[in-house]
Amino acid sequence: MDSSLTQYRNLFPSLQTHTMLANCSQSALAAPVSKAITEYQESLLQKGGNWDEAIERTEKARNEFARLIGAEPEEIAVLPSVTDAAVSVASALSNCKKKQAVYTDLDFPAIAHVWKAQADVTLSVIPSDEGMIPLERYETFITDQTLVTCVPHVAYTNGFVQNVKQIAAIAAKKGSLLFVDAYQSAGHVPIDVKEWGVDMLAAGARKYMLGIPGTAFLYVRKELAEQLKPKASGWFGQQKDTAFDLTRFSYADGAKRFETGTPAFISVYAANAALSLLNGIGTARIHKEVKELSAFAYGYASEKGLNLAGPPSCEDRPGMISIYDERASETAALLKRQNIICSPRHHVIRLAPHFYNTKDELAYAIDQLAFAHRRI
Ligand SMILES: Cc1ncc(COP(=O)(O)O)c(C=O)c1O
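Predicted model, so just to flag it, every value in this text is computed and none were measured.

## What to know about the overall build of the protein
- Check the secondary structure of the protein and you find 13 helices and 13 strands.
- Computed over the C-alpha atoms, the radius of gyration of the protein is 21 Å, within 12% of the 21 Å expected from 2.2 N^0.38 for a compact globule of 376 residues.
- Dimensions of the protein, computed from the C-alpha atoms along their principal axes, are close to 65 × 60 × 35 Å.
- Classification of the 376 residues of the protein by burial places 56% in the buried group.
- Taking all contacts inside the protein whose residues are at least 6 apart in sequence as the whole, residues at least 24 apart take part in 70%.
- Here the protein displays about 15700 Å² of accessible surface, and carbon together with sulfur accounts for 52% of that area.

Take a look at the structure:
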């Protein structure tokens, strides 16, 4: 472990008793995040609530997420989940003339569900090869009829990372909008929405962003946001002066118009503390550490004879290793009894380290996994 990062391990109490390797699902809880959750609870217990403070924390969280992805705060909406972000985007694009949405078979199912629910939209699904998508495939599948192209930055099943900047260039050339699902990358892979030319991007708090369920963020490029009129809207998406006036309807400026009702404040407090911790450390440092850990895990798991899924190169797989396992849920339950927390999906076990993990922890989890495979 990078010695300058060692100090942060102490911030995660569960690391003393558990091997926490499910950051692709839920990260370990950091002490400052836990403290922020308590602060919200205390505001209810001791002060009978504090709306203004909760709104202030929401604005801080918005600012921190904007900083994480290189955006302006007014380009960020605070929403309950990534699925809600995709629903809002679909609702905003429903008035467009073009009616084709493209997504990939590596997307999280929610993306498909949202688009399948849009009755008048035709769908085109980009297939992957062995868990990866060659860039040329975007040239073929995105056409001048495509309204929006949805891509995962990092695939949830195998950690495959895509070159969003190049995909954005193809989408722009064909006249398609680009929606990036960054839930598996935000918090450990550096993101620069401006440099990459991304139109829209969503990520939630509870995975590599060190938060808890209930908060997600949607980035919408300012000029684009101002042109869109989401049908999924509500009083938080209105200009402030119309918030309590049911006779008026006036979208808020920028991405805020994608917001609907009261945020899950307890989760927003957590997200703010978590993002402030991440931004304080810096994604570049975190990325370097996580990549090294996942490269080590890949090598060690191969040595142990485990059958690995997805990209063989560390460059294409910065934060996760994925191991074939026909009885993945059963194996994960077995490991959990030994306080090893990993994440099963379909027929794979995902080991997803964060900057606070060590090679020893990964080696221990992989040894136990290899042992479980021999037993089950
Ligand atoms: C890549 C990705 N996108 C979207 C989701 C769904 O997120 P939410 O439950 O916030 O809608 C997940 C959840 O695991 C995910 O891994």
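Picking up where we left off.
## Description of the site of the ligand
- Around the ligand lies a shell formed by S81, V82, T83, F108, Y156, D181, Y183, Q184, R206 and K207.
- Separating an oxygen atom of the ligand from a side-chain N or O atom of T83 is a distance of 2.5 Å.
- In the complex, the protein chains occlude 88% of the 400 Å² of accessible area that the ligand would expose alone.
- The residue makeup of the shell around the ligand, split by class, is four nonpolar, three polar and three charged.

## Focus: the sheet that holds strand β4 (residues 122–126)
- Spatially, the seven strands line up as an open sheet ordered β2-β8-β7-β6-β5-β3-β4, and their pairing is mixed. Edge positions in the sheet fall to β2 (76–79) and β4, since each of these pairs with one other strand and no more. Along the sheet, successive strands turn relative to each other by an average axial angle of 20°, direction set aside.
- Bridge count between strand β5 (residues 146–152) and strand β6 (residues 177–181): five bridges; the pairing is parallel. Note on β6: the bridge partner recorded for V148 is L177.
- Its contacts with the sheet place helix α4 (residues 82–93) against β2, β5, β6, β7 (200–204) and β8 (216–220), and it is angled at close to 155° to β7.
- Of the strands in this sheet, β3 (100–104), β4, β5 and β6 touch helix α5 (residues 109–116), which is tilted by about 165° from β3.

## Structural notes on the side chain of T331
- Secondary-structure assignment places T331 in helix α12 (residues 328–336).
- Side-chain polar atoms of T331 contact the side chain of D325, separated by 2.7 Å.

## Description of the environment of Y356
- Note that Y356 resides in the loop between β13 (348–351) and α13 (359–375).
- The class for Y356 is buried, based on a relative accessible area of 0%.
- Linking Y356 and G131, residues 225 residues apart in sequence, is a C-alpha distance of 27 Å.
- Among the polar contacts made by the side chain of Y356, one reaches the side chain of N23 at a distance of 2.5 Å.

## Quick notes on the environment of T143
- Structurally, the position occupied by T143 is in the loop between α6 (136–141) and β5.
- For T143 and A171, which are 28 residues apart along the polypeptide, the C-alpha to C-alpha distance reads 8.5 Å.
- Those residues in contact with T143 that sit more than four places away from it in its chain are Q100 and K174.
- At 3.0 Å, the side chain of T143 forms a polar contact with the backbone nitrogen of Q145.

## Describing the UniProt feature "domain: Aminotransferase class V" (unreviewed entry) in the protein
- The sites that carry the UniProt feature "domain: Aminotransferase class V" (unreviewed entry) are, in the present numbering, residues 52–349.
- Helix makes up 38% of residues 52–349 and strand 16%. Its end C-alpha atoms lie 43 Å apart.

## Digging into the sheet that holds strand β9 (residues 308–309)
- Spatially, four strands are ordered β9-β10-β13-β12 in an open sheet, and the strand pairing comes out antiparallel. Whereas interior strands pair on both sides, the edge strands pair on one side only; in this sheet they are β9 and β12 (343–345).
- Strands in contact with helix α11 (residues 283–303) are β9 and β10 (321–324); relative to β10, the strand with the most contacts, it is inclined by about 20°.
- The sheet contacts of α12 involve β12 and β13, and relative to β13 the element is tilted by about 40°.

## Section: the domain arrangement of the protein
- In terms of domain boundaries, the protein breaks down into domain 1 (3–29 + 282–375) and domain 2 (34–279).
- Inter-centroid distance (C-alpha atoms) of domain 1 to domain 2 is 27 Å.
- Taken together, the contact pairs 36 residues of domain 1 with 27 residues of domain 2.
- Here domain 1 and domain 2 share an interface that buries about 2300 Å² over both sides, 60% of which is from carbon and sulfur atoms.
- The interface formed by domain 1 and domain 2 holds zero salt bridges in total.
- Inspection of the domain 1/domain 2 interface yields 17 residue pairs in polar contact (both at pLDDT 80 or more).
- Elements supplying a minimum of two residues to the side of domain 1 that touches domain 2: α11 and β13.
- At five residues, the largest contribution of residues to the side of domain 1 that touches domain 2 is made by α11.

Cut-offs used in this document
- Residues numbered from 1 in each chain as written.
- Predicted model: local features only at pLDDT ≥ 70, side-chain atom pairs only at ≥ 80, totals over all residues.
- Heavy atoms only, no water.
- Helix = DSSP H or I, 4+ residues; strand = E, 2+ residues; numbered from the N terminus.
- Rg over C-alpha atoms; globule rule 2.2 N^0.38 Å.
- Buried < 20%, exposed > 50% of the residue type's maximum accessible area, 1.4 Å probe, protein only.
- Contact = heavy atoms within 4.5 Å.
- Areas by Shrake-Rupley, 256 points an atom, 1.4 Å probe, with all protein chains shown as cover.
- Near = heavy atom within 4 Å.
- Polar contact = N/O pair within 3.5 Å; in protein donor to acceptor, adjacent residues only side chain to side chain.
- Nonpolar A, V, L, I, M, F, W, Y, C, P; charged D, E, K, R; others polar.
- Pairing = 2+ DSSP bridges.
- Axes fitted to C-alpha atoms, helices over the stretch in contact; angles between N-to-C directions.
- UniProt positions renumbered as here; feature names shortened; annotations may be inferred.
- Domains from an automatic or database assignment.
- Buried area = accessible area lost by both parts, 1.4 Å probe.
- Salt bridge = Lys/Arg side-chain N within 4 Å of Asp/Glu carboxyl O.

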